[in-house]
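So the chains spell out like this:
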Amino acid sequence: MASDTKRLLLLFLITAFFAGCTSPIEAPRNSEIIGLASPVTLQQDTTDIITADYFKSYSLIDSVQAPVGLNAILSSNDSVITLTGSIEDPLGVLRVWADGYSYDLLLKASTKEKVTITFDPAGDNVTSVKLKGEMNNWNPNAAILEKKGDMWETSMIVNEGVYQYIFVVDGKEMPDPDNPNTVSNGMGGTNSVLTVGNPDSEKLYLDTYDHSGPSVYLKTEAPENTIVFWENHQLETKYQDGIVSFEIPSNGRVMERSHIRAWTFDEDGRVSNDVLIPLSSGWVIESTEDLTRKDNHNWNMYFVLIDRFKDGNPSNTTKVDDPDIHPKANYYGGDFAGITQKIEDGYFESIGVNTLWLSPITQNPEGAYGLWDRGGVTTKFSGYHGYWPVSSSKLDYRYGTEEEFRKLLDVAHLNGMSVILDYVANHVHEEHPVYQNNPDWATDLYLPDGTLNTEKWDEYRLTTWFDTFMPTLDFSKEEVVETMTDSALFWVKEYDLDGFRHDATKHIQLEFWRTLTRKIKDSVTIPTGKQIFQIGETYGSRELVASYINSGMLDSQFDFNMYDTGLNTFGQGNTFENLRTQLQESFNYFGYHNLMGYISGNHDKTRFITLTSGEVSWDEDGKLAGWTREIEDPQAFAYERLSMFHAFNQTIPGIPVTYMGDEYGQPGANDPDNRRWMEFDESELTEPEKRNRNVFKKITGLRNSEMALTYGDFKFHTTENNTMAYSRAYFEDQVIVVFNKAETDQTVEVELREEFDYTNLKPQFGHEFRIENGILIITLPSNKFEILTL
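For every chain, the first residue of its written sequence is number 1, and the numbers climb from 1 along that sequence. Thresholds applied to this predicted model are a pLDDT of at least 70 for local features of residues and 80 or more for the giving and counting of side-chain atom pairs; totals over whole chains, interfaces and linings are not thresholded and use all residues. Note that the side-chain values use all heavy atoms of the structure and ignore hydrogens as well as water.

Novice: An account of the sheet that holds strand β16 (residues 206-212) is needed here, citing residue identities and associated values.
Specialist: In space, the four strands of this open sheet follow the order β16-β17-β21-β20, with antiparallel pairing throughout. The sheet is open, and its two borders are formed by β16 and β20 (238-240), each paired with just one other strand. Strand-to-strand twist in this sheet, taken as the mean axis angle between neighbours without regard to direction, amounts to 25 degrees. Sheet analysis places strand β17 (residues 215-220) next to strand β21 (residues 243-247), joined by five bridges and oriented antiparallel. Residue pairing across strands places K219 opposite I243, the latter belonging to β21. Paired strands are those between which DSSP finds at least two bridges. Each helix is a run of H or I in the DSSP string that is no shorter than four residues. Each strand is a run of E no shorter than two, and both are numbered from the N terminus. To obtain an axis, a line is fitted to C-alpha atoms, over the contacting stretch when the element is a helix, and the angle between two such axes runs from 0 to 180 degrees between their N-to-C directions.

Written out as structure tokens, the structure reads:
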């Protein structure tokens, strides 16, 4: 609700700035750019923009206009725009003319700088020092220190930000002994923390202020520098008294969905948050009821490990007949029919998820592979999980028939749900025809020194094998790229899927992702108008993760850095200050309206609730624990901590992703104990589990109904060791989120935003509060949170 001051100012602005109706801009009916063009972050010297990443027909590009300070050269075949120099401001706009129309790309100046890190052996006889951390993807061979006198030293170019790291001294890992800044590594030890630049400086904000008809108003301290795009075209702006105004062009009236994006910066070089406003037929969307499953920011995702979810058709349940396979590592019987039944009976709707991520569905081998031989347990494994493909196009009969899979998709769509498929491209099973017919298409299993090239996730990330029976394909070969991209394309052409979750993304060269995305655009999006969402799985630095995300590759990836930080904060007791730092780092790389996946857990991790409760310790081997003992139900406080983690994931920007069972707090150590049968009925759940599922339903209900939680901005208000508060606002809607993870009651004071009427502020979880002189004062019990809506 707008305050009287806001109404008077808005009336003045409407009168002063605009008269008459909106007008069109020079833009084609069918854009050469599909979707919203991703911003381009400039490199320090030269930046190459691959035009096919953005333009459907890049040969239609006529010319390029760069901002002051940059020189732009279009290659002879129009395939690359090379930028040299540097822009004068933190943000700029690159204008590209194609087929007679102009298109605008946002440019971001580089924030990289050179840093030098030293190690003092303190008189010890040291022969080798390496550094591994977030700045080099935890690869010690990428940062080998040189001995200079009595000290060891290395230099590197990194972005402004905060980085965790450790030294490897003569093969032994240790934090930096001369750096007092450390954080928990989540495994019982600590990492050192390096801060580059001034990432904690006061932020510059750009707020959605109001809208009236085609006129939109934003508020900021730097209105004169505000850049506004409608789709991929820069709009003219006006400003006065900290208010930026612009008109939505009438072109939007003929589009079911279009978007406004905006950014600004100030004379101190600070860059604001980004603003994203969805439009329906050219008008600002005010309610989530007007969003559809095509609006990815509205997705609330749920990961289904098919074999362990529900057996809807017992006739297709077939275990691998091998006595060497422990029952926990064999097929249980979950299938397509079981998922369809849970859609039809309203389970997913009841828990507030609207997008399903299905584990891989291609045929897996009939035999037993791999070996676990520890803790007195020896077993081989079946391919129940789906990640050992022996075919790239055949459905695994244990999950069901083609007709059953098509029915699953049809029923999901009829119920307003999207479905994405887990696709494995990096490797195949040794029985796969691709490997059988082309063994030279695989990378080398052995390294030059004769050692196995297995599980070398960072040192040899583009060649390493997951196991000796799973050949990694060599994507430096054109024939491999073409074959495997055609394989992936088959699934979205043959079935009405809404996207992919891509396994092992960082282990495949960028060219594969470019080729696949281009084929999807040419074969699916351009002829049908349907956009295919792609989210990747990459463990590594934010810079590595971000390198796979742009208009020509993936839409997003899972933000495992935030998962690890959230796990350590809500589960292990790390400070909220560190959580704030890490979340801001993600905003810096991925934007405030990113589509990153924020997970509650997955099938490769010990359950959050079990770690938090202590049934599996932080420095323990979770797999060994799961094989060698029964993991008991969690303690009561761990359920409350899990609810806080859910509340965090569901109220920050991005796509919340819930691993099946986490909605109620299913316990479990690591694989295979984290892959138990799902439980649905009230009679199957304990009282704490039922309470947790009810809390989860309420949280997701708020996520799905509040525009501020899908398209709102984000502001931190207070951050202490054990308490934190932030808010998100979208025009006149606002949500305030407050946490207390201390062992005692805590009173939290939140300085409220100005120009909002808080008369109708409502706590959704029943905690009392008061407002005094613009300060929200709320007392929360131990391990509790509150979400207040306006």
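So much for the structure itself; the text now carries on.
Novice: Hey, could you go over the environment of T719 for me, with residue numbers and the actual values?
Specialist: Along the chain, T719 falls in strand β35 (residues 715-719). Through-space distance from the C-alpha of T719 to that of L579 is 9.3 Å; in sequence the pair is 140 residues apart. Residues in contact with T719, not counting those within four places in the same chain, are F576, E577, R580 and M724. Polar contacts, as counted here, are pairs of nitrogen or oxygen atoms within 3.5 Å of one another; within protein the pair requires one atom able to donate a hydrogen and one able to accept it, and residues that are adjacent in sequence qualify only if both atoms are side-chain atoms. A polar contact of 3.0 Å, which involves the side chain of T719, links it to the side chain of R580. Any pair of residues with heavy atoms lying within 4.5 Å of one another is described as a contacting pair.

Novice: Just give me the short version of the side chain of S586, but keep the residues and values in it.
Specialist: Within the secondary structure, S586 sits in helix α10 (residues 576-590). Only protein chains enter the accessibility calculation, which uses a 1.4 Å probe; a residue whose area is less than 20% of its type maximum is buried, one above 50% is exposed, and one in between is partly exposed. Residue class for S586 comes out buried when judged on its relative accessible area of 0%. Among the polar contacts made by the side chain of S586, one reaches the side chain of D559 at a distance of 2.6 Å. The residues touching S586, leaving out its near neighbours within four places in the chain, are R542, D559, M562, G591 and Y598.

Novice: Give a detailed account of helix α4 (residues 402-414), specifying residues and quantitative values.
Specialist: With 13 residues, α4 ought to run about 18 Å at 1.5 Å a step, and its terminal C-alpha atoms sit 18 Å apart, in line with that. The first or second residue beyond α4 is G416, which carries a positive phi of 75 degrees. One less than the residue count of a helix, multiplied by 1.5 Å, gives the span that helix is expected to have.

Novice: Which residues make up the packing of aromatic side chains, and what are the values?
Specialist: For this analysis, a ring pair means two rings from Phe, Tyr or Trp (six-membered ring only for Trp) whose centres lie within 6.5 Å, classed as stacked if their planes differ by under 30 degrees, edge-to-face if by over 60, and tilted for the remaining angles. The final tally for this structure, using the stated rule, is 51 aromatic pairs. Ring centres 5.3 Å apart and planes at 40 degrees place the aromatic pair Y369 and F469 in the tilted group. Of this pair, Y369 sits in strand β27 (residues 369-374) while F469 is found in the loop between α5 (433-437) and α6 (478-494), placing the two residues 100 residues apart along the sequence. Here F469 falls in the buried class, since its relative accessible area comes to 6%. Consider the rings of F570 and F645, whose centres lie 5.8 Å apart with planes at 35 degrees: the pair is tilted. One end of the pair, F570, is in helix α9 (residues 560-572); the other, F645, is in helix α13 (residues 636-651), and 75 residues separate them in sequence. With relative accessibility at 0%, the residue F570 sits in the buried group. Remark: a charge is flagged as sitting over a ring if the NZ atom of Lys or the CZ atom of Arg is within 6 Å of the ring centre and within 35 degrees of the ring normal. For R308, the ring lying beneath its charged end belongs to Y332, and the centroid distance is 3.5 Å.

Novice: Break down α10 for me, citing the residues and quoting the values.
Specialist: Taking 1.5 Å per residue as the helical rise, α10 with its 15 residues ought to reach 21 Å, and the 21 Å between its terminal C-alpha atoms agrees with that figure. Backbone geometry just downstream of α10 places G591 in the positive-phi region, at approximately 90 degrees.

Novice: Describe in detail the sheet that holds strand β7 (residues 101-108), supporting the description with residues and values.
Specialist: In space, the four strands of this open sheet follow the order β1-β7-β6-β3, with mixed pairing throughout. Each edge of the open sheet carries a strand with a single partner, namely β1 (40-41) and β3 (61-65). Relative to strand β6 (residues 91-98), β3 runs antiparallel, the two being bridged by four bridges. Within β6, the position partnered with S63 by the bridge is W97.

Novice: Describe the pattern of salt bridges, and please don't skip the residues or the numbers.
Specialist: Think of a salt bridge as a Lys or Arg side-chain nitrogen and an Asp or Glu carboxyl oxygen that are within 4 Å of each other. The full count for this structure, using the stated rule, is 38 salt bridges. Of the charged contacts in the structure, one is a salt bridge between D266 and R270, with a shortest N-O distance of 2.6 Å. Across the pair, R270 and D266 agree in class, each one buried. Each of R293, D496, D498 and K530 takes part in one network of salt bridges that share partners.

Novice: Quick rundown of the packing of α6 against helix α7 (residues 510-528)? Include the residues and the values.
Specialist: For the pair α6 and α7, the least separation of the axes is 9 Å and the interaxial angle reads 40 degrees. It follows from the interaxial angle that α6 and α7 lie oblique. In this structure, the crossing between α6 and α7 has a hand that is right-handed. Seen from α6, the contacting residues are V481, E482, M484, T485, D486, A488, L489, V492 and K493; seen from α7, they are E511, F512, T515, L516, K519, I520, S523 and V524. Residues are grouped as follows: Ala, Val, Leu, Ile, Met, Phe, Trp, Tyr, Cys and Pro are nonpolar; Asp, Glu, Lys and Arg are charged; all remaining types, including Gly, are polar. Its residues assigned to classes, the contact of α6 with α7 comprises nine nonpolar, three polar and five charged. We call two directions roughly parallel when the angle between them is under 35 degrees, roughly antiparallel when it is over 145, roughly perpendicular when it lies between 65 and 115, and oblique otherwise. Should the near helix be turned anticlockwise from the far one by less than a right angle, the crossing is termed left-handed; should it be turned clockwise, right-handed.

Novice: Could you give an account of the environment of V183, naming the residues involved and the relevant values?
Specialist: Mapped onto the fold, V183 is located in strand β14 (residues 182-184). On the accessibility criterion, V183 (15% relative accessible area) is buried. Here the alpha-carbon distance between V183 and R293, two residues 110 residues apart in the chain, equals 39 Å. Excluding residues within four positions of it along the chain, V183 makes contact with Q164, G189, T190, N191, V193 and N578.

Novice: Describe empty space enclosed by the protein, with residues and values.
Specialist: Space inside and on the surface of the protein is sampled on a 1 Å grid over the protein atoms alone, with a cavity defined as a set of points where a 1.4 Å probe fits but cannot get out and a pocket as an open set with protein on both sides within 12 Å along at least 5 of 7 lines; lining residues have an atom within 4 Å of a point. Grid points are joined across faces, edges and corners, and a volume is the space filled by probe spheres set on the points. Within the structure shown, the criterion is met by four cavities of 30 Å³ or more. There is about 90 Å³ of room inside the largest cavity. For the lining of the largest cavity, the secondary-structure elements that each account for two or more residues are β29 (418-423) and α6. Ranked by residue count, the leading element in the lining of the largest cavity is β29, at three residues. Reported here for the second largest cavity is a volume of approximately 70 Å³. Lining the second largest cavity are E134, V162, Y163, S541, R542, E543, E585 and Y589. Counting residues per element, the ones that place at least two in the lining of the second largest cavity are β12 (161-169), α8 (542-546) and α10.

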